[in-house]
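# Structural characterization, general
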Amino acid sequence: MLVSISCDKLIKSKLNFSYGLNPLLGSPNGENSIGKSSVLMLIDFAFGGEGFPKLCSDVIDHVGHLTVNIEFKFDNVIYTFVRTTDVLKEVYFNNESRIISKDEFTKFLAKMYGFTDENPSFRDSVNGFSRIYQKKNYNENNPLDTFSGENGEAIKKRSIKIFGYYKIIKELELVRNDLLDHKKHITSTFKSGVVNSITAKRYKENVIQLELLDYEISKIKNSIKNHIDNFDELVNDSTIELKAKKDFLYSQKNITEVDLNIINDNMSNKNYQGSKYFKDVVNFFPTVNKEKLAEIDMYHKGLTSILNEQFESEVELLTNKLELIDSEIDSVKNKLKAYTEEKNISETILNELLDKDKKSQQISLECELYNNLKGIKDDVKDIDTKIADNIYSSIVKMEDVIAAGLKKNVEVMYGEGAIIPTMTFTKKGYNFNHGDDRGTGKCVANMIALDLTYLEETKIPFIIHDSLLFKNIKSEAVSNLIYKYMEFTDKQIFIAIDELQKYEDDVFFTLELISFLTLSKDNLAFIEKWKNK
């Protein structure tokens with residue numbers, strides 16, 4: 001639990017807390033701007049919140065950035081930390097005398113409070129239940145929104161995680177992600193051009209073609225079975241590699257010959273004939289600028305000379321390349337010839353067998369990837385159904401638990417017969433229905449009842465309720481709520497409350513007895529009293 005926070009810029013430098021209710025008391029007339037909400041924001045800051053510097057900027061403007069010493073107690077061991085409002089992403093861990101990241105800090109809290117991998121992150125879990133004026137997260141009609149306009153699907157998923165129903169769904173999602181990664185790899189293979197993506201029609205055609213190739217390969221094998229005992233010796237890595245190399249060399253030879261022919265064609269028209277055609281221009285247009293034509297003529301003659309030199313150089317390079325390719329082809333052919341002579345079969349038969357084997361493997365791979373992709377799509381569809389079924393069953397259980405909690409907690413405040421709100425989770429989020437009693441105070445009380453349900457039924461370790469939540473609730477209902485708050489012996493509730501004279505004497509004296517701080521216009525939260533100025 002949070003044992004204390006200390007800050008030398010608070011009017012009371014150390015605030016001590018306990019399990020159960022921890023009230024901050026305001027003035028009898030309910031004055032605002034005395035620092036109640038800012039102190040609650042500082043408590044939220046102690047639990048890893050980052051909103052204080054922005055949402056309480058007036059405090060920092062007048063007293064400067066705060067250094068906050070934070071003390072937690074878990075399993076009878078005290079852990080102390082230091083956070084500053086000007087460096088939000090770092091926390092000093094006194095027990096280990098080192099700086100840790102804010103994420104490490106909140107992960108530490110999650111571990112100590114018993115959160116598991118199936119729960120949301122610590123801050124994602126508790127943030128919405130710190131209902132403080134500056135955070136604007138106290139809309140009684142959308143009580144699970146941590147901020148206005150939050151995605152409904154995300155809210156629903158968070159609640160499933162908070163209630164601990166996410167384990168099976170998470171396992172299914174991991175399997176689904178693995179399948180989608182496999183699908184992505186297959187799709188990338190298709191896009192690379194190494195294997196063709198095929199349709200269902202092409203798949204059927206491939207199956208027929210594979211049968212035909214198998215028949216033709218078998219026919220070739222039968223024709224040479226008197227010479228070859230083991231066909232794996234014939235179609236092996238060595239022969240496949242030689243055949244592939246030969247095919248590649250021939251393709252390179254064709255490309256090189258085409259390039260060489262193009263250059264030769266250009267060189268066959270290398271004699272520049274511009275002067276002849278310029279004479280015709282002068283005959284047709286006697287007034288043309290002859291000197292300008294002469295300059296153009298000289299430019300083109302020079303350009304032609306340069307291009308011819310480049311052509312000749314390129315011809316030499318391509319000719320040398322062809323000679324190297326031909327030499328490589330001869331070498332490969334000789335190796336294949338030696339191999340076929342050793343096996344006493346013709347090179348033509350070996351080439352045909354290798355071509356058909358290559359074609360068969362290519363088509364087989366196309367069909368295999370097609371079947372894999374189809375299987376993945378079917379598996380993803382099946383898992384999506386299972387995920388949807390588990391989400392539905394989780395929601396049913398969650399709605400039942402919430403319904404029971406709302407009934408119990410609303411009746412604690414308003415007695416039996418009170419109108420009970422309903423929480424239903426929809427495809428796009430959730431709906432919190434207040435029923436036929438839609439008064440402001442009752443709707444806020446319904447939201448508080450929801451918070452208490454989450455506090456009771458989940459691993460959420462604390463809630464924070466600001467004084468504005470109690471303003472419109474009947475005083476009798478608030479008195480009953482205070483007693484309910486005090487029933488929690490293993491979790492913490494932090495509230496700000498004022499106008500204590502409205503409540504029954506026992507509540508008044510109890511709150512005064514257990515309060516961790518009392519504020520008023522003459523006793524503001526921080527040592528600098530800028531509000532009065």
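Per chain, residue numbering runs from 1 following the sequence as it is written. Per-residue local features are limited, in this predicted model, to residues with pLDDT of at least 70; the limit for side-chain atom pairs, both in listing and counting, is 80 or more; totals at the level of whole chains, interfaces and linings are taken over all residues. Side-chain metrics in this entry use all non-hydrogen atoms of the structure; hydrogen atoms and water are not considered.

## Considering the side chain of E150
In this fold, E150 is placed in the loop between strand 8 (130–131) and helix 6 (152–162). Residues are treated as being in contact if the distance between any of their heavy atoms lies within 4.5 Å. Not counting chain neighbours up to four residues away, the residues in contact with E150 comprise L144, D145, I155 and R158. Helix and strand assignments follow DSSP, with helices taken as H or I runs no shorter than four residues and strands as E runs no shorter than two, numbered in order from the N terminus.

## Some points on the sheet that holds strand 12 (residues 492–497)
Pairing between two strands is assigned when DSSP locates at least 2 bridges connecting them. Strand order in this open sheet of 5 strands is 8-11-12-3-13, and the pairing throughout is parallel. Strands at the two margins of the open sheet, each flanked by one partner only, are strand 8 and strand 13 (517–518). Pairing of strand 11 (residues 462–465) with strand 12 involves 4 bridges; the strand directions are parallel. Across the sheet, H465 pairs through a bridge with I495, a residue of strand 12. Most of the contacts of helix 14 (residues 440–457) go to strand 11, to which it runs at about 165°, and overall it touches strand 8, strand 11 and strand 12. Lines fitted to C-alpha atoms define the axes, with helix axes restricted to the stretch in contact, and inter-axis angles between N-to-C directions lie between 0 and 180 degrees.

## Some words on the layout of surface pockets
Any residue with an atom within 4 Å of a point lines the site, the site being either a cavity, points on a 1 Å grid over the protein atoms alone where a 1.4 Å probe fits but cannot get out, or a pocket, an open set with protein on both sides within 12 Å along at least 5 of 7 lines. Grid points are joined across faces, edges and corners, and a volume is the space filled by probe spheres set on the points. Taken as a whole, the largest pocket encloses approximately 300 Å³ of empty space. Forming the walls of the largest pocket are 15 residues, and the residues nearest its centre are N32, S33, K36, S37 and Y133. Take the lining of the largest pocket: its biggest share by element is 3 residues, from helix 1 (residues 36–46). Throughout, the ten residues Ala, Val, Leu, Ile, Met, Phe, Trp, Tyr, Cys and Pro are labelled nonpolar, Asp, Glu, Lys and Arg are labelled charged, and all others, Gly among them, are labelled polar. Along the lines of polarity and charge, the residues of the lining of the largest pocket split into 3 nonpolar, 7 polar and 5 charged.

## Quick look at the environment of L353
By the secondary structure assignment, L353 is in helix 13 (residues 347–414). Relative accessibility decides the category of a residue: with a 1.4 Å probe and only protein chains considered, values under 20% of the type maximum give buried, values over 50% give exposed, and everything between is partly exposed. Judged by relative accessible area, which is 1%, L353 ranks as buried. Remark: the alpha-carbon pair of L353 and S218, spanning 135 residues in sequence, is separated by 9.6 Å.

## Remarks on the sheet that holds strand 7 (residues 98–101)
Across the sheet, which stays open at both edges, the 6 strands sit in the order 2-1-4-5-6-7 with antiparallel pairing between neighbours. Edge positions in the sheet fall to strand 2 (14–16) and strand 7, since each has one partner strand and no second. Averaged over neighbouring strand pairs, the angle between their axes works out to 25° when direction is ignored. Summarising the sheet, strand 1 (residues 2–6) and strand 2 pair through 3 bridges and their orientation is antiparallel. From the neighbouring strand, S4 faces strand 2, where its bridge partner is N16. Across the sheet, helix 1 is in contact with strand 1, strand 2, strand 4 (67–74), strand 5 (77–84) and strand 6 (87–93); its angle to strand 1 comes to roughly 120°.

## A short note on the packing of helix 14 against helix 15 (residues 475–485)
Two elements in contact, helix 14 and helix 15, have axes whose closest approach is 12 Å; the angle formed by their N-to-C orientations is 10°. By the angle between their axes, helix 14 is roughly parallel relative to helix 15. When helix 14 is examined against helix 15, the residues I448, L452 and E456 are found in contact with a partner set consisting of L481, K484 and Y485. Across the contact of helix 14 with helix 15, the residue classes break down as 4 nonpolar, no polar and 2 charged. Should an angle fall under 35 degrees it is taken as roughly parallel, and over 145 as roughly antiparallel, whereas 65 to 115 is taken as roughly perpendicular and any remaining angle as oblique.

## Considering the pattern of salt bridges
By definition here, a salt bridge exists when the distance from a side-chain nitrogen of Lys or Arg to a carboxyl oxygen of Asp or Glu is within 4 Å. Considering all chains together, one arrives at 23 salt bridges under this definition. The closest approach of N and O atoms between D44 and K135, which form a salt bridge, is 3.7 Å. Placement of D44 in helix 1 and of K135 in the loop between strand 8 and helix 6 is noted, with a sequence separation of 91 residues between them. For the pair D44 and K135, one class covers both residues: buried. The residue K502 makes a salt bridge to E499 at a minimum N-O spacing of 3.7 Å. Residue K502 is classed as partly exposed on the basis of its relative accessible area of 34%. Each member of the salt-bridge network shares a partner with another, and the members are K36, K471, D498, E499 and K502.

## Looking at the packing of aromatic side chains
To describe a pair of aromatic rings, one takes the distance between the centres and the angle between the planes. Pairing of aromatic side chains here covers Phe, Tyr and the six-membered ring of Trp, requires ring centres within 6.5 Å, and sorts the geometry by plane angle: under 30 degrees stacked, over 60 edge-to-face, intermediate tilted. One pass over the full model with this rule turns up 27 aromatic pairs. Summarising the aromatic geometry, the rings of F17 and F516 are spaced 5.0 Å apart at their centres and angled 75° between planes, so their arrangement reads as edge-to-face. Residue F17 is found in the loop between strand 2 and strand 3 (20–25), and its partner F516 is found in the loop between helix 16 (505–514) and strand 13; the two are separated by 499 residues along the sequence. F516 carries the same exposure label as F17, and that label is buried. Look at NZ for Lys and CZ for Arg. If either is within 6 Å of the ring centre and within 35 degrees of the ring normal, a charge sits over the ring. Across the ring face of Y165, the terminal group of K397 is positioned such that the distance to the ring centre comes to 4.7 Å.

## Examining the pairing of strand 5
Here strand 4 runs beside strand 5; their pairing, made up of 8 bridges, is antiparallel. Its bridge partner being in strand 5, E71 is matched across the sheet by T80. Count of turn residues in the strand 4/strand 5 antiparallel hairpin: 2 residues, of which D75 carries a positive phi of about 50°. Bridging between strand 5 and strand 6 involves 3 bridges; their strand directions are antiparallel. Bridging from a neighbouring strand, T84 pairs with V87 of strand 6. Once strand 5 ends, the chain turns through 2 residues before running back antiparallel as strand 6.

## Remarks on the confidence of the model for the chain
Per-residue confidence for the chain gives a mean pLDDT of 86, with 84% of residues at or over 70. Every residue carries a pLDDT, the predictor's confidence in it, which falls somewhere between 0 and 100. Low pLDDT (under 50) marks residues 271–279, which in the prediction has 12 contacts with non-local residues, meaning those over four places away or in another chain.

## Brief notes about unusual backbone geometry
Its identity is not glycine, yet S33 carries a phi of approximately 60°, on the positive side. Position of S33 relative to the elements: it lies in the loop between strand 3 and helix 1. You can call S33 partly exposed: its relative accessible area is 48%. Its identity is not glycine, yet S97 carries a phi of approximately 50°, on the positive side. The residue S97 is located in the loop between strand 6 and strand 7 in this model. Owing to a relative accessible area of 54%, S97 belongs among the exposed residues under this scheme.

## Some remarks on helix 16
Of the residues making up helix 16, those classed as buried are V507, T510 and L511. All buried residues of helix 16 lie within an arc of 95° about the axis, which places them on one face of the element. Residues of helix 16 that are exposed and angled more than 90 degrees away from the buried face: D505, F509 and L513. Elements in contact with the buried residues of helix 16: strand 3, helix 15 and strand 12. In this context, the arc is that of the directions from the helix axis out to the C-beta atoms.

## What about the environment of E90?
The topology assignment puts E90 in strand 6. Separated by 11 residues in sequence, E90 and S101 have C-alpha atoms that sit 4.6 Å apart. Those residues within four positions of E90 in sequence are excluded, and the remaining contacts are I99, I100 and K102.

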